[in-house]
Amino acid sequence: MYSQHDQGYQRPPSDAERQELQTMNDSSVGLQVSHAVDSETVSQVSDLSDSQIIRSENEQLGEHHVSTATPTTASLPSSTPTWLPYTLRRTPLSLILGFLLLLELAVVVLHVVSSKNLGLAENDGSTAVAISSKFVPTLLAVALSLLATILLDDVKRTEPFARMTAPDGASVKESLTWTTSAWWPFPSPLGKGKLPLFSATLLFMLASLIVSPLSSTLLVAQDVVFDEKTPFKQLDLASLVPIQPIPSATTYFRTISNILQNVSTTAWITNDYVVMPFWPGNLSTIPLSPILSDEVQRWSAYTTIFSAELECEPLVPQWNHPMTSSTMDTKNISITLSSKSGCTIDLKLSNDSIFSTAGGETWSSVNNISSSSFADKLNGFISDDARVYEGSNFQVHGCSENETLISSTEGSYDSFNSDLTNFIVNGQVCQNMYYVGNSTANVILGQGQSVVEVNTSEYHMTKKPIAATIANTAAFDNVFFDTNWTIHINPRWLSSNFDESVGPAVLLSAMHQFSSSQVVTDASIGQDMQRIRKQFFAELLHGTFELMTVADAVEIPGSVITTSRRIVVVSGVAIALEIVLLVLSALVATVLYTTRPSTRFLGLSDDPSPVLSITRLLSSHHPTTTAFTYASNGSTGDLGQSLSRFRFILAGGQIETTKEINITPNTDSNGSCGVQEQSKSPALRNVESITDAKKRKLFSPWLLGLLLFFLLSTLATIAALLQYSQSQGLYNTAFVYNIDISISGRKLGAINPASLLTTFIGVVISIWWGSFDNTLRKVQPCLAMAKAPASGNKGIAVSYKSSYLLWAAYRAGRRKHWILLLVSTGTFLAQILTIALSSLWTRAPGALTNSMFMPQTLQLRNIPMVEVGTLPQSPHNGAANAGLIKNIFSNLGTSWIYGATTQLTLQGPDPPWGVDGWSFVPRPLNITSQSVQNTGNGSELSLESVNVTVNTPAIRARLECSPSDIVNDEALWLTRWDLTNKTYWNTSANPRGLEVGYELGVWEGADFGKTNEFPLRQSPEGANLTTTFFVNNRRLQCCENRTIPSAGMASIGYWSPNTEPGKTYPDFAKTWPANFTIKWIRGRPIEGILRAGQWPGETAKHLLFVEPPQMTALNCQPIIESANSQVTVDSNTGRVISYSILEMPQPYDDAWSSAWVAYQHNFTWDDPRRIYVNITVSHGVLFTTGLLGSADIYNFGGKAVDMNPADTVENTQEQTFNLRQPGLNVDYMTYSMLSLVDFDHQQLLDATTLERTANRTFSIMYQHFVNNNLSLTEGGFAYQAIDEKPAADIGDRYHGILRRDTQDTNASTTGDQGVDFVQIARPVELLHISTPAAWQYNRMLPGPIDTIADTIVLIAGSTKLLELAKLRSTASIKGDSKVLTKLDWFDDAEGQKRWGIELADGPDESDTLIAHHDSVDARQSSQEEWDYGRAYTTGETENAADDPAQSPFTSSIPHADRVHSNEPTSDERWIAERASSAS
């Protein structure tokens, strides 16, 4: 009878029910071990022999049914036991559910925030970010996994008790022998009461095998793009329209630099377009440089776009006169050039014209092809008999195009015999148009560059020809076709192989090394023309932009797009975790609902884990213990088979067997019984069971060995990978491959399988180790008792089943259970290992390195170069070394001075194998490309370029300067003029109101005899050293900065050699290195102040300052030094990536060893070779001499004895390597220095700033000089081949006109070979190891203790222990150090040998221990037990009969035989005696 309220418990029976129950029990047949017996009977039973016991058992077990006791009325409590494991209680489960919901919410929030904000935080490499992104997710996942483990353990260990509280109980296999060790096989959720175990198991599996591995890839570092709408500013040209072109020296310099050096002059000029500058509104200046910002970002806005489009087609020649097959018999040539479009040009030239003999190009407008703008060049070309050709040398027919190029090679003509075979002429006819439109433009900033991209489709949809109201396009054409190009590039002064070029064709010729044959034969000449046309138009517009200020800007909408390395949530992983965490929450909620006592009743009053608790559950029900006593044979499986006929029920705090179950004997084919070995005595079966059980191992050796092997393998693998990562790098595809996650084409991020794998390995180790820990925690009390007698708090009264990690280790340490302490600590470390393995890998760019044999082919030059010079045939000719100096400037396409200037002023690139002023001896790098890895994402990294690290000599040049004190005394370098003096000055022509002027230099008398020099100091020989304001002693003429009505500030800056009296450039020093002077002059000059009288050319004009100017001058010594170095370069480009100087730099004396020393054989006077000499020069001398003379290339040969009056002033028509424009007159070196201070002219007046900028400029100039025209096999200016030897026969020292007092030191003939092995580094993705990885009881127990039955077997025959459990509380036994139990062989109450747990003391002492109590509560409890027992047996209390739960030992009273007895049974008397002695 079970009421709904009691959930499986019977109410206390009435008297009638007791009578009925007594009658039923009296009629029962079978094994009645629970019947009351007297002491005599007990003694008789104890005296039975083994044979008698065996016979009695055979008689009893031979029955076809076994009668078991029905749950006694005395065992039913009056209140419901409600004990639950801590984690199954409502509050902890609610907290776990809350934790899961918080994790779910956290993942959702992080996912949403990451998606909305494109990441969670900047990946700044800080510890906080690293911990938050790598450790925290896995830490939380491990915590969740631990909670799931604890929850599953508590559900499993209470499952048998829940099953036994069912009304009909549970079979032994479903209850007492049910194994709880493993979480597999997976339980079924179907059936009553199965949901808790199913939910807890699934919860554990998902938390451990899904959440933990995925948590390691939830947060990753990625490059994220931000698009922020922000107000922009844009230049507004409304105030300048129509735009007028204003060319300046910088316009030509920038155009030439872009065309010849291929450098960007401003980011707003692309190959095809000019973009109207725009910038974020928070910038205070207009960004116009090649690098607009150092920030890594992208600007985007809708802006105005300009373009110049040139479409050309070839002009094909047709010879009219003479025929191409005949020789010339006339002075005239007639050729017709025609295009497919119908444009024809008749060209008529005389065969002795310069155009015909030297070759050249003319590029002009079609309508202007024979206009006066080309007269200076074409006058010599026009035939003297041009009248026969209708008075014109060019005739154009049917040309719709607006410009043309005509080019020809040089011919071999004279007045008598000419050959046409070498003469080629052709051309291009082109249509140029200027357009303006609007388009979205993107400016990509970062990585040392700024790139502007134009939406071409938008632009072509909106573009239209530039109207006259927007820009004066005719003026743009006129400026482009002007002959001023030759001022900035003059082939006559740069190359001996020059051609005659007109207008912008000069730049076209420079692109082809001034070779007319290259121009004529170049099939892509039209593309070159387009490039020049577009760039010059763009530079003219850029000049207009530079005239504007921020105030001229208007506001436009735009966006700033930035790329940042941020911590982002991988969407695919987040979605998976959100789903799993939601499922886990539902599972926990299911467990919470299904484990309430009203749904899943356990019938327990306290934790059943300790042995003592199981003992209490059996202490008053002898049928259960007796059944296990006679049925146990050592294994759970055998117990389940032996007791399969029984069902067990948990009622009234006792595990009892149900009423009898009829059994049909299992008979085999021979007629014998089955597996029940009923003929054997319990003692014999017990001994055999122990022997058989020892075959079962507590810890399987092969599993222990396998775990050890797995741990060692993991440790060895991580150690090997760590060593390999540090030595070579983990670059293989298996390590760096990423798997993209996408749903319906939408990318949800990428994960690295390596992180998942290592996290999974950590989880496996954790679970595996945890299984051993779980087993050891279960058996540790038994192990302690098996080892030696143990007190209650170390044996039967203690359990570690509900203790985990460090708490279990702490409890084990307190009880000196050292092995358990180590194992539990290992379990804790296994969790840390899981966290560590989850963050073990970091994928980042790296390099794959290996060594390669690569011999050095070059070394620093220690042998002077030998060049052929032409001796001056008269004092009027220049020096013999002029040609050598000229040659180092001849190729403008590879010009070192252009290259250095563009690097310094336009952020151009460093030369190959050079950086920071250092030049490294190069090697030929023949590295083959390889495909070394596949990083996923459908792309394979094919390595075209690798990095090469090599030890090699390095060389650099620098300056040591000191300020010149001469500037403090204006009388030594400045002349004050009285401009009202009509004797010296043309007062009528000069500006009125200007009465005083100041001129650079000290002038003596009316003859102006001191020219353009000023003194420096005394030389060691006592001679006065002087230098000049210009590069030489020519007088400065330029440049004013005229602003109405007064003169504006202007600057002058030149580098000039220090010379002794009588010495001139290039022969200005006896010893090297020779000093030179750097000057910066700032004042308010006026050009063209005329002297009185008649003066030839420009000599009458003077440059005067309206007030004394400021000047800063430095006296500098050049130093060239070398050192051994290690450098890493890009194998394709030679770009230096990194370097280190390995020693203190030392002066490199070989750079100055030979200074223009001439050699010649003893030629006779009539030998034509006598005018040539072999000149040796060291590269330092050549570089410094060329650099100091570069601003006046017309005068490389030095000043002649009788100069032309025009040669006394600077040639303003020669600006190849200097800039002259309003307010500025400087050489390229000083212009570079000015750019280093952002063109702040005032800053260079500071001597320190002037020295700093000069030093960097000198180093960069030298760096480009070293790399100019360099051959990796033969060397160059500063390098020579390894096997190079001095010239064998260059003649004897020449002491003719070339100076004799020159130095010449013997140079060494060998140099350091260098190391032949280099290190190759291929850029790859590497997987870095960012976190280091962590690392005998079978003889004592016959097998594991996995089930309740395993514990019952050990205590079933332990009479004393069972009685002790009835009498004393758990706390009393646990705190009594005298109560000792032991797991060993002992004699049971029947005198049989048993293996189990029993009190360790003798009989007398045991009785005392059983009755002993340590506290007042214990004594009171004992008194109450005696009073209750006495009252109950005498019938003195009705209440006791109605409420048997009032007695602690009520459940031990035999239920059927003594209900109506007035005398106590022998058991009751024994208990009462013990209680009496205790009281």
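Just above sits the structure.
All of the points below concern the structure found in this document. (Residues numbered from 1 in each chain as written. Predicted model: local features only at pLDDT ≥ 70, side-chain atom pairs only at ≥ 80, totals over all residues. Heavy atoms only, no water.)

### Brief notes about the sheet that holds strand E19 (residues 654-657)
The strand order across the open sheet formed by three strands is E3-E18-E19, and the pairing between neighbours is antiparallel. Pairing within the sheet leaves two strands with one partner each, and these edge strands are strand E3 (170-171) and E19. By the bridge criterion, four bridges tie strand E18 (residues 647-651) to E19 in an arrangement that is antiparallel. For Leu650, the partnering residue across the bridge sits in E19 and is Ile655. Set on the sheet, helix H5 (residues 127-164) makes contact with E3, E18 and E19; between it and E18 the angle comes to about 95°. This element, helix H18 (residues 611-618), spans E18 and E19 of the sheet and lies at about 50° to E19. (Pairing = 2+ DSSP bridges. Helix = DSSP H or I, 4+ residues; strand = E, 2+ residues; numbered from the N terminus. Contact = heavy atoms within 4.5 Å. Axes fitted to C-alpha atoms, helices over the stretch in contact; angles between N-to-C directions.)

### Examining the nonpolar core
Judged by nonpolar contacts, the single largest core of 144 residues is most densely connected at Phe278, Trp299 and Trp1055. Here this core gets nine residues from one element, more than from any other, and that element is helix H16 (residues 525-546). Counting residues in hydrophobic clusters, the runner-up holds 47 residues, among them Met164, Val172, Phe648 and Trp1395. (Core = buried A, V, L, I, M, F, W, Y, C linked by side-chain atoms within 4.5 Å. Buried < 20%, exposed > 50% of the residue type's maximum accessible area, 1.4 Å probe, protein only.)

### What about helix H33 (residues 1359-1367)?
Among the nine residues in H33, seven count as buried, and that is most of the element. Within the sequence span of H33, burial applies to Leu1361, Leu1362, Glu1363, Leu1364, Ala1365, Lys1366 and Leu1367.

### Re a nonpolar patch on the surface
Nonpolar side chains collect at one region of the surface, where Leu102, Leu105, Val109 and Val113 lie side by side and expose about 330 Å² of accessible area between them. Position of Leu105 among the secondary structure elements: in helix H4 (residues 90-117). Relative accessible area serves as the criterion here: at 49%, Leu105 is assigned to the partly exposed category. (Patch = residues over 30% accessible without salt bridge, like charges linked within 9 Å, V, L, I, M, F, W, Y side chains within 5 Å. Areas by Shrake-Rupley, 256 points an atom, 1.4 Å probe, with all protein chains shown as cover. Salt bridge = Lys/Arg side-chain N within 4 Å of Asp/Glu carboxyl O.)

### What to know about the sheet that holds strand E47 (residues 1172-1177)
In a beta sheet, neighbouring strands pair by backbone hydrogen bonds and run either parallel or antiparallel. Here we have four strands laid out as an open sheet, ordered E26-E47-E46-E51, and antiparallel in their pairing. Since the sheet does not close on itself, it has two edges, and those belong to strand E26 (865-870) and strand E51 (1292-1293), each with one partner. In the sheet, strand E46 (residues 1157-1160) pairs with E47 via three bridges, with the strands oriented antiparallel. In the sheet register, Ala1158 faces E47, and the bridge partner there is Ile1175.

### Comments concerning the environment of Leu445
Residue position: Leu445 is located in strand E13 (residues 425-446). Residue classification places Leu445 among the buried residues on the basis of a relative accessible area of 4%. In this structure, the C-alpha to C-alpha distance between Leu445 and Ala267, residues 178 residues apart in sequence, is 9.8 Å. Leu445 has contacts with Leu292, Ser293, Glu295, Val296, Gln297, Trp299 and Ser450, leaving out every residue within four places of it along the chain.

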